[in-house]
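So the chains spell out like this:
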Amino acid sequence: MTTLATVQILVFFALIVLIAKPLGSHMARVFGGDKTFLHRGLGWLERGTYRVLGIDPGQDMKWTTYSVAMLAFSFATFLFTYVALRLQGLLPLNPQHFGAKQMPPDLAFNTAVSFTTNTNWQSYAPEVTLSYFSNMVALAIHNWASAAVGIAIAIAVIRGFARKSVDGIGNFWADVVRCTIYVLLPLALIGAVVFIALGVPQNFDPYTIATTLEGAKQTIAQGPVASQEIIKQLGTNGGGFFNANSAHPFENPGPFANFFTLVLIWSIPGAITYTFGKMVGNTKQGWAIFGAMAALAIVGMVVCTAAEQAGTPHLAHAHIETAATAVQAGGNMEGKEVRFGIAASALFATVTTGASCGAVNSMHDSFTPIGGLVPLFNMLTGEVIFGGVGAGLYGMLMFAVLAVFIAGLMVGRTPEYLGKKIEKFEVQMAMLAMLVLAASVLGFSALSSVIHLPKEGALAAINTWPGSAYGGSDSVYGAATGNLNNSGPHGFSEIFYAYASGTGNNGSAFAGITANTPWYNTTIALSMLIGRFMMIVPLLAMAGALAKKKLVPASSGTFPTDTVTFAALLVGIVVLVGALTYFPGLALGPIVEHFRMNALATL
Amino acid sequence: MTDLFFITIAIGFFGLSIAYTYGCERLRGDHHD
């Protein structure tokens, strides 16, 4: 690793730690119903929203009511987006005249599900598919809504631990409204202005047609990028305005914008661990969670950066200089932007996959096998390495419950966490949440690795890329492995990564895979729905059960969970579960690819 | 693959999720302490 890479990681973490306490305290006050400095200026908006929508913010909801409210809200917003995307040709702000042809039913389904679940997986190139209205309204609504839902769920789970002998875990509508008005909106307003100052476009102009020096015509896409970019990163959404996402200079103009983006991605996920500690009455509990996440993150960053800096042995074997010097970044620069280099690209890859953001500033498909294994493993852990806004914390609390359960088994004591006995039901719910993720990733990956779909007849449409909608010709793939850019283990990694990304609600891809076919659009959409809602429901059930319990006073035999020992145990559980569950898949993909690469280099 | 097909899938999934919610509550009720 270079000095630059080390310094970047240290400065990045220093900022995340510095932001955690003030932002975390602010969120604790917001969700505790207390007044903050923003209430004087924005309180009218909150009260007005409640009045218009008929919400009583003081009405405490049982976990079942909270869950149904969340599901109904998500379904309604999904439906709105689906209809808006299908009808984009009839809606305003469409200077490029895109219509239903560019957004067939399977793609609209995948996209609407994707944005509803905070995944923002995009099987399409936005600048040749989506009108400005589709971007700014149909999709952007989810950048706000899904982020607010994720944070609300995390707060509800925290209340399960913090409250005692009560039925309710909060009011879903109040949590979403407060999150949007007092957390996301102020940060987004400031961040959008910063992006505009850094050179990110914000206009409604049609695409510019430029003439190159050779006399060719070049279409330069633009539009309201800054306003989408800020909430894309802040809400760990990840869906870009351009196909190249944060590798595009209009989304991510330079190194400072890149670093600012990274801090945005982990600001709320890092701060919400402090919110957790504040709400349960012991901030050390939050720092223990933060510490566990940071430990996992740092190892991944170091491994990924080192692997990418080392590059591939083939280049060295061909006597090509791959060392980092004053005039070159060295290492594996395939698929990376020269303005970012190795360190910033590897850091971005680990941050975005730890966070369930999914924005990319380099092409993960071009990473070395071990370099690509790190982002993949980050997603396979369940997106708990800081994770998505809210989702990372409730995912890590799922592991915390399992950690105290396993610790309790080892010493023969009833497990306790934060003064609550962890009994059969809580463990069952944590296991359900975890197992459904594994079933989705492994099941869909296995299915797509082997399924043979027809190449002729009416059913050939199941795995056909509709190229004619984008100025090309249709491609019929047949078998689901036909969509891959690579054969062998790297090709398998493309499939494995796609379903890990969908299930983990990440949204990044080994983008060699052509996913814009009905087969992949439908199966990845299902993995996104399962990974989001089938994980949330049992964790809310766990929260509801915990809220009803009495607090058990700590004794000399209680396992302290605000210590380095607990954080280390938590890291161990996350790694063990991830490794045991997914080792076969990793072995068939990036691990064997790594050994194969080294073996071929000596031929 | 029509609009109706995909909307039906979505309704089915969200309906299943609501059923899952009440299923978990029933499971919790069986373990009521």
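Since the model is a prediction, treat every value here as computed from it, not as a measurement. (Residues numbered from 1 in each chain as written. Chains lettered and ligands numbered in written order. Predicted model: local features only at pLDDT ≥ 70, side-chain atom pairs only at ≥ 80, totals over all residues.)

Peer 1: Which parts of the structure should I look at to understand the overall build of chain A?
Peer 2: In terms of regular secondary structure, chain A is built from 17 helices and 6 strands. The C-alpha radius of gyration computed for chain A amounts to 23 Å, which stays within 12% of the reference 25 Å derived for 603 residues, consistent with globular compactness. On the principal axes, the C-alpha backbone points of chain A span a range of 75 × 60 × 55 Å. A buried classification covers 57% of the 603 residues belonging to chain A. When contacts within chain A are restricted to residue pairs at least 6 apart in sequence, those whose partners lie at least 24 apart make up 77%. (Helix = DSSP H or I, 4+ residues; strand = E, 2+ residues; numbered from the N terminus. Rg over C-alpha atoms; globule rule 2.2 N^0.38 Å. Buried ≥ 20, exposed ≤ 12 C-beta atoms within 10 Å, placed from the backbone. Contact = placed C-beta atoms within 7 Å.)

Peer 1: Could you clarify how one ought to interpret the interface of chain B and chain A in this entry?
Peer 2: Put simply, an interface is often sized by how much accessible area is lost when its parts join up. Of the residues lining the interface, 17 residues belong to chain B; the matching set on chain A comes to 20 residues. Among the residues making up the side of chain B that touches chain A, the classes are represented as 10 nonpolar, 4 polar and 3 charged. (Nonpolar A, V, L, I, M, F, W, Y, C, P; charged D, E, K, R; others polar.)

Peer 1: Honestly, the environment of Pro269 of chain A in this entry has me stumped. Any pointers?
Peer 2: Residues and elements named next belong to chain A. Mapped onto the elements of the fold, Pro269 is located in helix H8 (residues 255-279). A sequence separation of 249 residues divides Pro269 from Ala20, and the C-alpha atoms of the two residues are 8.7 Å apart. Contacts of Pro269, omitting those with residues within four sequence positions, involve Thr236, Ala355, Phe386, Gly387, Gly388, Val389 and Gly392.

Peer 1: Before we go on, may I ask you to explain helix H7 (residues 225-234) of chain A in this structure?
Peer 2: Note: α-helices contain 3.6 residues per turn, so residues at a spacing of three or four share the same orientation. Residue and element names in this part refer to chain A. Most of H7 sits out of view: 10 of its 10 residues are buried. Those residues of H7 not exposed but buried are Val225, Ala226, Ser227, Gln228, Glu229, Ile230, Ile231, Lys232, Gln233 and Leu234. Those residues of H7 hidden inside the fold are in contact with helix H5 (132-162), helix H6 (172-197) and H8. Just downstream of H7, Thr236 is the residue with a positive phi angle, here 45°.

Peer 1: I tried to follow the environment of Phe250 of chain A on my own but got confused; where do I start?
Peer 2: Residues and elements named next belong to chain A. By the secondary structure assignment, Phe250 is in the loop between H7 and H8. Taking the C-alpha atoms as reference points, Phe250 and Gly99, 151 residues apart in sequence, are found 24 Å from one another. Apart from residues lying up to four places away in sequence, Phe250 is in contact with Val200, Pro201, Gln222, Val225 and Phe242.

Peer 1: I tried to follow the pairing of strand S1 (residues 208-211) of chain A on my own but got confused; where do I start?
Peer 2: For a regular strand, side-chain orientation follows a simple rule: the groups alternate between the two sheet faces. Residues and elements named next belong to chain A. Relative to strand S2 (residues 217-220), S1 is paired through 4 bridges, and the arrangement is antiparallel. Bridging from a neighbouring strand, Ala210 pairs with Gln218 of S2. The antiparallel hairpin formed by S1 and S2 contains 5 residues in its connecting segment, where Gly215 sits at a positive phi of about 90°. (Pairing = 2+ DSSP bridges.)

Peer 1: Help me understand unusual backbone geometry, please; the structure alone is not making it clear to me.
Peer 2: In most cases, non-glycine residues show a negative phi, while peptide bonds are predominantly trans. Residue and element names in this part refer to chain A. Phi at His319 takes a positive value of approximately 60°, unusual for a residue other than glycine. Residue placement: His319 occurs in the loop between helix H10 (313-317) and helix H11 (341-354). In this model, Asn505 sits at a positive phi of 55°, which is unusual for a non-glycine residue. Mapped onto the elements, Asn505 comes out in the loop between helix H15 (488-503) and helix H16 (518-548).

Peer 1: So what exactly am I meant to see when it comes to the environment of Gly12 of chain B here?
Peer 2: For Gly12 of chain B, the location among the structural elements is in helix H1 (residues 3-30). A C-alpha to C-alpha distance of 16 Å links Gly12 of chain B and Gly23 of chain B, two positions 11 residues apart in sequence.

Peer 1: Looking at this model, I keep getting lost on the nonpolar core. Mind explaining?
Peer 2: Most often, soluble globular proteins keep nonpolar side chains buried together rather than apart. Residue and element names in this part refer to chain A. Counting residues in hydrophobic clusters, the biggest one holds 191 residues, and the most contacted among them are Met293 and Leu539. For this core, the element with the most residues is H16, which contributes 21 residues. Look past the residues within four positions of Met293 in its chain and what remains in contact with it is Val384, Ile385, Phe386 and Met396. (Core = buried A, V, L, I, M, F, W, Y, C linked by C-beta atoms within 7 Å.)

Peer 1: How should I be thinking about H11 of chain A in this particular structure?
Peer 2: Residues and elements named next belong to chain A. With 14 residues, H11 extends 20 Å between its outermost C-alpha atoms, agreeing within 8% with the 20 Å of an ideal straight helix rising 1.5 Å per residue. Of all the 14 residues making up H11, 14 are buried; the element is thus mostly covered by neighbouring parts of the structure. Where H11 terminates, the next one or two residues include Ser356, which has phi positive at roughly 55°. (Expected span 1.5 Å × (residues − 1).)

Peer 1: Just to check I follow, could you spell out the packing of helix H13 (residues 391-411) of chain A against helix H14 (residues 424-450) of chain A for this structure?
Peer 2: Any two packed helices are characterised by how steeply their axes cross, that is the angle between the axes, and by the distance between the axes. Residues and elements named next belong to chain A. The geometry of H13 relative to H14 is characterised by a closest axis approach of 9 Å and an angle of 130° between their N-to-C directions. The orientation of H13 relative to H14 falls into the category oblique. In this structure, H13 crosses over H14, and the sense of that crossing is left-handed. Side by side, H13 and H14 meet where Met398, Val401, Leu402 and Phe405 of the first sit next to Glu426, Val427, Ala430, Ala433 and Met434 of the second. Tallied by class, the residues present in the contact of H13 with H14 amount to 8 nonpolar, no polar and 1 charged. (Axes fitted to C-alpha atoms, helices over the stretch in contact; angles between N-to-C directions. Parallel < 35°, antiparallel > 145°, perpendicular 65-115°, else oblique. Left-handed = near helix turned anticlockwise from the far one by under 90°.)

Peer 1: Quick question: what am I supposed to make of the confidence of the model for chain B here?
Peer 2: Atom-level detail of predicted coordinates should not be read off regions where pLDDT is low. For chain B, the average pLDDT comes to 89, and 85% of its residues sit at 70 or higher. At the level of chain-chain contacts, confidence expressed as ipTM amounts to 0.93, with global pTM at 0.94. (pLDDT = per-residue confidence, 0-100.)

Peer 1: Mind showing me how you'd approach the packing of H14 of chain A against H16 of chain A here?
Peer 2: Residues and elements named next belong to chain A. Where H14 contacts H16, the two axes come as close as 8 Å, and the packing angle between them is 175°. Between H14 and H16, the angle is such that the two are roughly antiparallel. Mapping the contact onto sequence places Phe425, Glu426, Met429, Ala430, Leu432, Ala433, Val436, Leu437, Ser440, Phe444 and Ser448 in H14 and Thr523, Ser527, Ile530, Gly531, Met534, Met535, Pro538, Leu539, Ala541, Met542, Ala545 and Leu546 in H16. Here the contact of H14 with H16 is composed, by residue class, of 17 nonpolar, 5 polar and 1 charged.

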